[in-house]
Amino acid sequence: MSCWKGALIAGCIASGLLFGPVARAEDVVKIGQIEALTGATATYGWMSAQGSKVAVEEINAKGGFKVGDRTYKLELQQVDTRGEPREATVQFRKMMEEKVHFVFGPFLTNVFNAIEPIANQNNGKFLLFAGATSAHAALGKPDHDYLLRTWNWDAGSAGFGKLMVDYLKKLNTRKVAMLFQNDAFGKTAVDIYSALFKDAGIELQVELFEPGTKDFSAVLAKLAAGKPDILFPGYSDAVLYDIVRQSTESGFGNRFFLVRGSIGPALKNKDAIEDYIAYVPKYFEGAEKTEPKVRAFIESYQKQFKREFPYDQAPLCSSSCYDHVYMLVEAMQKAGTVDDVAKIRAALMSMTYEGMWRIKYDKTGEAVFGFDVVHVRKGGAIERVPYDPTKE
């Protein structure tokens, strides 16, 4: 061996370039998140992104996690789609090129529909933890082994949509007026709930409004003429505040049923509403007092972001991704690998995770977990009705 080659190898060994580097690339597990963090529909992505960040920071602060005899830390890559499908495809394709094996999101149907073809091309190489409503129909389809659904939204036998409609039926509801935005999700929601209400024997009247609408008086008057028992508006607080206020002020209706958004609009108009029935993944104000894991999450959130805990928005998505990051880590440990996505998926499908929620996956890969129905009555009185389909 020539002297210069010997010196080169010796130098490489000394600097750790050939053997035993101090910081090995495989000691880091990359997690991506593709959500709308800004824009009109940012509520869902913003809160889920914060929940994921809290979980990652907690895990790394404890020194990471062990799989076999190796210790790993998480590297979180969050991108802002702004709710724009074209932007999302660019960002998602880059994640696939960088071999990010685990991606959380999206929660928006239009974004999921845009990235789905790219995800299909990478089937078997990664796992996508999506929350979008349209992801439900894609579960179990060819080239969709990558897909898991973290949020059991409207569809499915254990989805909150069916359980919420059944709950309305128990209240002797006969007619519902549905007012949703005219976009990809709005149309999907109409299809889902038209079938659910029909099966429940409840008459449904539907109207769609255009994005950016501020004055709902005309469409509210049209719906009120049909004399519905309850108004079903959606699907974000950005429009709910206006709809609830205008409906109560103009006498179009004071009873509301919703599966998107917070109870904030009800509390803002507490003296004008009669009843406001809302799907809430968890009623944090009450859970904080009785559930240690919820209290710990709230404290960790406040420490991480140095702000008051957003009780009105937090139930939407934040804790789903928080719990699911921990669930993913536990699945890696059970599978004994951080990069064999087939083994990790199998571990996820076979386990039940006890976090802020009790979570398991059904045979299609859709998460099943409990939720709360919250009634806000006139004057602001609150009643919580819990559901836990994981025990059924």
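Just so we're clear, the structure is a prediction, and the values are computed from it rather than from any experiment. (Residues numbered from 1 in each chain as written. Predicted model: local features only at pLDDT ≥ 70, side-chain atom pairs only at ≥ 80, totals over all residues. Heavy atoms only, no water.)

### What to know about the overall build of the protein
Keep this limit in mind: Strands here mean DSSP runs of E at least two residues long; helices mean DSSP runs of H or I at least four residues long; both are numbered from the N terminus. As defined in this context, the radius of gyration uses C-alpha atoms, and a globule is described by 2.2 Å times the residue total to the power 0.38. Here's how the labels work: a residue is buried when its accessible area is under 20% of the maximum for its type, exposed when over 50%, partly exposed in between, all with a 1.4 Å probe on protein chains only. Note on definitions: a residue-residue contact is assigned when non-hydrogen atoms from the two residues lie within 4.5 Å. With residues, only the protein chains shown are counted as cover, and all accessible areas are computed by Shrake-Rupley using a 1.4 Å probe. We score Asp and Glu as negative and Lys and Arg as positive, and we do not count His or the chain ends. Positions of charges follow a simple convention, taking NZ of Lys, CZ of Arg, CG of Asp or CD of Glu.
Of regular secondary structure, the protein possesses 14 helices and 16 strands. Relative to the globule expectation of 21 Å for 392 residues, the C-alpha radius of gyration of the protein, 23 Å, shows essentially globular dimensions. With the principal axes as the frame, the protein shows a C-alpha extent of 95 × 40 × 40 Å. Out of the 392 residues belonging to the protein, those deemed buried represent 53%. Look at the contacts in the protein between residues 6 or more apart in sequence, and 66% of them connect residues 24 or more apart. Surface summary for the protein: the accessible area is close to 17,200 Å², and the carbon and sulfur share equals 52%. A distance of 2 Å separates the average location of the 48 positive side-chain charges in the protein from that of its 48 negative side-chain charges.

### Section: the side chain of D242
Position of D242 among the secondary structure elements: in helix α9 (residues 237–249). Among the residues examined, D242 registers a relative accessible area of 17% and is labelled buried. Among all residues touching D242, those that are not within four sequence positions of it are K214 and F216.

### Some points on unusual backbone geometry
Backbone torsion omega between G105 and P106 reads 0°, so that peptide bond is classified as cis. Its place among the elements puts P106 in the loop between β4 (102–104) and α4 (109–121). We note that R82 has phi near 60°; this positive angle belongs to a residue other than glycine. For N172, which is not glycine, the phi torsion reads 65° and is therefore positive. According to the relative accessible area criterion, N172 is exposed, its value standing at 65%.

### Points about the nonpolar core
Within soluble globular proteins, side chains that are nonpolar tend to cluster in buried spots. Selection criterion: Nonpolar cores were defined as sets of buried Ala, Val, Leu, Ile, Met, Phe, Trp, Tyr and Cys residues, with membership established by side-chain atoms within 4.5 Å.
Counting residues in hydrophobic clusters, the biggest one holds 101 residues, and the most contacted among them are F65, F92, L128, Y193 and L348. When neighbours within four sequence positions are excluded, L128 is seen to be in contact with F92, V103, G105, F112, I115, Y146, L147 and L148. In this structure, I243, F256, Y276 and V374 belong to the second largest nonpolar core, which totals 23 residues.

### Re the pattern of salt bridges
In plain terms, the rule: What makes a salt bridge here is a side-chain nitrogen of Lys or Arg within 4 Å of a carboxyl oxygen of Asp or Glu, nothing more.
For the structure shown, the criterion picks out 12 salt bridges. Ionic pairing is found between E366 and R149, a salt bridge with its closest N-O pair at 2.1 Å. On the criterion of sequence distance, the pair formed by E366 in the loop between β13 (358–361) and β14 (367–368) and R149 in strand β6 (residues 147–149) is long-range, its members being 217 residues apart. The pair E366 / R149 is uniform in exposure class, with both members buried. A salt bridge links R377 to D275, with the nearest nitrogen and oxygen atoms 3.1 Å apart.

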